[in-house]
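One letter stands for each residue in the lines below.
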Amino acid sequence: MAQGFEFAKERYAEWGVDVEAALRRLEGVRVSMHCWQGDDVGGFENPEAGLGGGLAVTGNAPGKARTIDELRADLETAFSLIPGRHRLNLHAIYGDFGPRPVPRDEIGPEHFRSWVEWCRERGLGLDFNATLFSHPLAQDGYTLSHPDPQVRKFWIGHVRRCREIASGFARELQGGSVHNLWIPDGAKDDTVERLPFRERLKESLDAIYDGRLDGLTDAVESKLFGIGSEAFVVGSHEFYLAYAMRKGLVLCLDMGHFHPTESVADKVSALAPFLPGLLFHVSRGVRWDSDHVVTATDEVRLLAREIVRAGLLDRCHLALDYFDASINRVGAWVIGMRSFLRTLLEALLEPLDRLRQAEGFERLALQEEAKALPIGPVWDEYCERQGVPPGGRWTAKVREYEARVLLRRG
Ligand code: RNT
Ligand code: ZN
């Protein structure tokens, strides 16, 4: 047993918190870990093609995964250091395509069969994302809202196939599957036309979401700005909020996709009464939408708390979204997953009954005192029970993997 666990349990009990119940809840939480941290959003379609869509990865830490086998080995190492059973989040460019290139509007379940097997063997769920960037037909900045109907048709075909593929994941694996759509469409500088782009996007989405697919959760992701789309983003928050409400889709909120002083946590209760569910891309924007590795920042802790306080854990899909190549990429995954899970544990350990009963200054006072409750030993105990190293001991494993595998990749 982790040192101090019994003591911590008693402290929480004094505040009316059942630690064992919190640990059981945490065990049921499945976070979707994004494959793209492992290879700087490269994928296996055409690894030479540069990253597009205004996404940027900085850094050149050695050992980037170059093949599907390398990415799987890295994922496996990361998952072995993360407590609990989780999900994998794939982008369409991560298919097992074989030697011949497959056009994006021709990809199918066969290109993801080996991923399904890989996940099944490891008890992982699988989520999916259409890839509408890093492609010649996305180069001029527009995809589903493109003025050329042929370009729109190509991308509609791609996303329709992606939904089918994800629905297949839901049939084959536990826990359904989320397909999330994010597109790069927008303009670097002041545009004359805005409405026609949004009308075309709406029309394209109607052609994509023309019916429900079994086990599939459809999510759409908005953005405020991107590199190269500073002046105009077709798929803005208002656009997708309206669309999701009308079609009953899940709305994806990426923590880097809002004005810096906007609270994503506050949006949870504002949106939940109107939408079937919410998907979060947990990310860390440093001064801008920089996609830094997730850490236990106030924003993330507030989000976790709000989801738990509002009793929405079961209606929320939780996913990570960041890409950092300046540090060991496996370490980057583990830091983000462990930090986020720990913020969820912190939220599950909140003395909610006491806080709800408190009034006036006491409400604030108790919230402050509760911040000093001893979560450390409870987290360590959870890690030990889940068979992963507690505390900071996991970093040695990543160092060892770096020396044995990553540094030998050349
Ligand atoms: C881009 C969005 C999107 C991507 C991934 C790779 O700003 O956040 O979710 O990060 O699809
Ligand atoms: Zn995102």
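This section reports on the structure supplied with the text. (Residues numbered from 1 in each chain as written. Chains lettered and ligands numbered in written order. Predicted model: local features only at pLDDT ≥ 70, side-chain atom pairs only at ≥ 80, totals over all residues. Heavy atoms only, no water.)

**A closer look at the environment of Leu26**
And step 1. In this structure, Leu26 sits in helix α2 (residues 19–27).
And step 2. Residue class for Leu26 comes out buried when judged on its relative accessible area of 1%.
And step 3. With 57 residues separating them in the primary sequence, Leu26 and Pro83 have C-alpha atoms 9.7 Å apart.
And step 4. Setting aside chain neighbours within four positions, we find Leu26 in contact with Leu341, Leu344, Leu345, Leu348 and Tyr382. (Helix = DSSP H or I, 4+ residues; strand = E, 2+ residues; numbered from the N terminus. Buried < 20%, exposed > 50% of the residue type's maximum accessible area, 1.4 Å probe, protein only. Contact = heavy atoms within 4.5 Å.)

**Notes on the pairing of strand β9 (residues 278–282)**
And step 1. For β9, a buried count of 5 out of 5 residues is recorded, marking the element as mostly surrounded by other parts of the structure.
And step 2. Both faces of β9 are covered, namely the face carrying Leu278, Phe280 and Val282 and the face carrying Leu279 and His281.
And step 3. Note that strand β8 (residues 250–254) and β9 share 4 bridges and pair parallel. Its bridge partner lying in β9, Leu251 is registered against Leu278.
And step 4. Two elements, β9 and strand β10 (residues 316–320), share 5 bridges in a ladder whose sense is parallel. For Leu279, the partnering residue across the bridge sits in β10 and is His317. (Pairing = 2+ DSSP bridges.)

**Remarks on the packing of aromatic side chains**
And step 1. In the structure shown here, the tally under the stated rule is 13 aromatic pairs.
And step 2. A ring pair is formed by Phe97 and Phe112, whose centres lie 6.3 Å apart and whose planes are at 85 degrees; its orientation type is edge-to-face. Pair noted here: Phe97 is in the loop between β2 (87–91) and α4 (113–122) and Phe112 is in the loop between β2 and α4, with a separation of 15 residues, a long-range link.
And step 3. A residue is classified by how much of its surface remains accessible, and Phe97, at 12% relative accessible area, is buried.
And step 4. Judged by relative accessible area, which is 0%, Phe112 ranks as buried.
And step 5. For the ring pair Phe112 and Phe128, a centre distance of 4.9 Å and an interplane angle of 75 degrees mean the geometry is edge-to-face. Of this pair, Phe112 sits in the loop between β2 and α4 while Phe128 sits in strand β3 (residues 125–129), and the two are 16 residues apart along the sequence. As far as the burial class goes, Phe112 and Phe128 line up, both buried.
And step 6. A cation sits over an aromatic face here: Arg200 above Phe197, 4.7 Å from the ring centre.
And step 7. Taking NZ or CZ as reference, Arg354 lies 5.0 Å from the ring centre of Trp15, over its face. (Phe/Tyr/Trp six-rings, centres within 6.5 Å; stacked < 30°, edge-to-face > 60°. Lys NZ or Arg CZ within 6 Å of the ring centre and 35° of its normal.)

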